[in-house]
Each structure stands twice: as structure tokens, then as C-alpha cells.
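Close look at the chain arrangement
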Amino acid sequence: MADNVVLVGCGNMGFAMLKGWLDAGVLKPGQVHVVEPTDALRERAAGLGVQAVANASRLETDYAPRVILIAVKPQVMGDVLPAYERFAEKATFVSVAAGITVEFFEKHLGKDAAIIRTIPNTPAAIGKGMIVTYRNANVGDEDARFVNTLLKTSGAVASVADERLIDAVTAVSGSGPAYVFHFIECLTEAAVAAGIERSTAELLAMQTVYGAGALAASSKDTPTTLREQVTSPNGTTAAALKVLMGENRLQNLLTEAVDAAHQRAIELGKV
């Protein structure tokens, strides 16, 4: 089967993924069909050289995509999926929608449909995301590797063997960017309280988080080792860490926050 891909939905996330595939050379424009009802978004996709149509009925009757990636809002998923049931015998379906279970897809596409559920996060829009996948038993190893190749153009990719872990993943990496953004907000306010002008405080906080993350990602040392390298005995960093780490304050707070997000993800999955 040719490595053809149908991208359903070309909003911000869908377009970013499409651009990532083409920029990385993983796919050529002729291998991609975009289905997008919004004129402006469809025209934007067509500007990259791919074929873009308004609805699934405009796809050729004998078209045989290897992957159909669904990037529409969760609340419209039930209305969108039936039009793609005709491809379920051969295609692998990939979802980037939060809260939509594999069971939901199987209900609309059939029990034999090959489904990969993914949880990306917002940095995937600039190729720096964290994407976690779960696949049902109908997905073959070669198709899973092909999908991973597509997803890696948007960031790092990991997988879980139990779909129930997707809720925990959502609480960590799915929601995680918001935790980091709030940390930047808080560090900015702390800098302002220390007398630093706000625009400088914002730069200090943002660049410090960005640089520390980049160093942690590129270093062979663990975050623990990197922390220890910055911390001189009885120095300024040690004084600050005594506040953050005393009685496991920050660890306990983050654990509580992730647990709250995890429990809410479970609740939303039952709706």
C-alpha cells in the first residue's frame, strides 16, 4: 500500500503536523489529501501543494490511504467518523483528540478497525511536542512505525501498552505546558517583587526556563545532577531550594496537581 495520508481537519494542530511532514521530507505533497470544510483553512493547506477537499465524499472512490489522521474537535468526532468507515478495512486511524477512546472509534468504524490514540501537547505546533500513543490490537507493527515517523516530526514520541494510562499522560505532558507557563508567570512576579523591571523580569523567567529545559534535554546528566551542579553549599541556590524542597513542598504540590488533572481526565472520559 502506498504511504498516502488523509488529514481530517487542518486547524492549528493539523496544519502544524502537515507542515512538519512536508518540511522533514517524510511525505511529499502528492501523498497527502486534506479534508477541511473551512475555506480559508483548506486554501492554506492547498498552498503547501497538497490536495485539499471540503469533505470526505470528494475523495476518490478508489483512493486507499495508509493512514487517516483525525485532527478535529472531540465534540464533532461522532459526526465526522461515519464518512470514513469505508476506509476502515485497510487504513490505520490516528486520533489527536483528547478524551475520545479507542472504544468510541471502534463503535463508529467497526471492531476490526486499526486505531492509534495519541495525546500531543501544544509545543507539538512548533515541532517540540511530547506525543504519547496507544494502539489497539488491530494495528500492525509496520503501520505503527510509519505513524511514529509521522508523529516524530512534531516532537518526541512514547507509547503506553494500557489505554488507561492515557489519562495519566494527559495529566503530565498533555496539561504540563500550562504548569510550566504558570511557573514562568510566578517567577516573573517574584522577580518584580525583588525590584526588577517587568519586561526584564519576563525575559529572565522565560529564558531561564527555556535554557534549563534545553540543557536538560541535551545533557547526558540527570536533572538531579544538573541541579546539584548549580547548587553551591550555603549559596544562593541552596537558600532557594531549601524553600522549594523543604518538606518536599514542590514535589507534593506537583503530585497533588497531577493527581487532580488525572482524576478529571478519568471523569471526562466517562461523559
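What comes next concerns the included structure. Remember, it's a predicted structure, so these values are computed and weren't measured experimentally. All chains use their own residue numbering, which begins from 1 and follows the written sequence. At least 70 in pLDDT is required for a residue's local features to be given in this predicted model, at least 80 for side-chain atom pairs to be given and counted, and no such filter applies to totals for whole chains, interfaces and linings, which use all residues. As a rule here, side-chain values come from all non-hydrogen atoms in the structure, and water together with hydrogens is ignored.

Structural notes on the overall build of the protein chain
When its secondary structure is counted, the protein chain shows 11 helices and eight strands. For the protein chain, the spread of C-alpha atoms along the three principal axes comes to 70 × 40 × 35 Å. Only heavy atoms matter for contacts: two residues are in contact if any of them lie within 4.5 Å across the pair. The long-range share in the protein chain, meaning contacts at least 24 apart out of those at least 6 apart in sequence, stands at 62%. Only the protein chains shown count as cover for residues, and the accessible areas themselves come from Shrake-Rupley with a 1.4 Å probe. When the accessible area of the protein chain is evaluated, it comes to approximately 15,400 Å², of which 56% is carbon and sulfur surface. Counted as positive: Lys and Arg. Counted as negative: Asp and Glu, with His and the chain ends omitted from the count. Every charge is mapped onto a representative atom, which is NZ of Lys, CZ of Arg, CG of Asp or CD of Glu. A distance of 2 Å separates the average location of the 24 positive side-chain charges in the protein chain from that of its 29 negative side-chain charges. Strands are runs of DSSP state E lasting at least 2 residues, helices are runs of H or I lasting at least 4, and numbering of each runs from the N terminus.

What about the side chain of Thr-133?
With respect to the helices and strands, Thr-133 occurs in strand β7 (residues 129–135). Residue class for Thr-133 comes out buried when judged on its relative accessible area of 7%. With sequence-adjacent residues up to four places away left out, Thr-133 is seen in contact with Ile-116, Arg-117, Thr-118, Asn-148, Leu-151, Val-157, Ala-158, Ser-159 and Val-160. Only protein chains enter the accessibility calculation, which uses a 1.4 Å probe; a residue is then buried when its area is under 20% of its type maximum, exposed when over 50%, and partly exposed in between.

Here's the deal with the pattern of salt bridges
The rule for a salt bridge is simple: a side-chain nitrogen of Lys or Arg has to be within 4 Å of a carboxyl oxygen of Asp or Glu. Taken as a whole and judged by the stated rule, the model has 10 salt bridges. Between Asp-141 and Arg-135 there is a salt bridge, with its nearest N and O atoms 3.0 Å apart. By relative accessible area, which is 45% here, Asp-141 ends up partly exposed. The salt bridge partner of Asp-162 is Arg-164, with a shortest N-O separation of 2.8 Å. Judged by its relative accessible area of 65%, Arg-164 is exposed.

Remarks on the environment of Asp-39
Turning to its location among the elements, Asp-39 is positioned in helix α2 (residues 39–46). By the criterion applied in these results, polar contacts are pairs of N or O atoms within 3.5 Å in which, for protein atoms, one can donate a hydrogen and the other can accept it, and in which residues neighboring in sequence qualify only through two side-chain atoms. Side chain to side chain, Asp-39 and Arg-42 meet in a polar contact 2.6 Å long.

Some details on unusual backbone geometry
Non-glycine residue Glu-247 carries a positive phi angle of around 55 degrees. Turning to its location among the elements, Glu-247 is positioned in the loop between α10 (236–245) and α11 (249–269). Exposure remark for Glu-247: the relative accessible area of 68% places this residue in the exposed category. The backbone of Asn-248 shows a phi angle near 55 degrees, a positive value even though the residue is not glycine. Summarising the element assignment, Asn-248 is placed in the loop between α10 and α11.

What about the side chain of Thr-153?
With respect to the helices and strands, the residue Thr-153 is situated in the loop between α5 (141–151) and β8 (155–159). By relative accessible area, Thr-153 is classed as buried at 19%. A polar atom in the side chain of Thr-153 sits 2.7 Å from the backbone oxygen of Leu-150. Each residue touching Thr-153, except ones within four places of it in the same chain, is listed here: Met-17, Gly-20, Trp-21, Ala-24, Val-26 and Gly-127.

Note that all results are geometric; they support no functional claim without further evidence.
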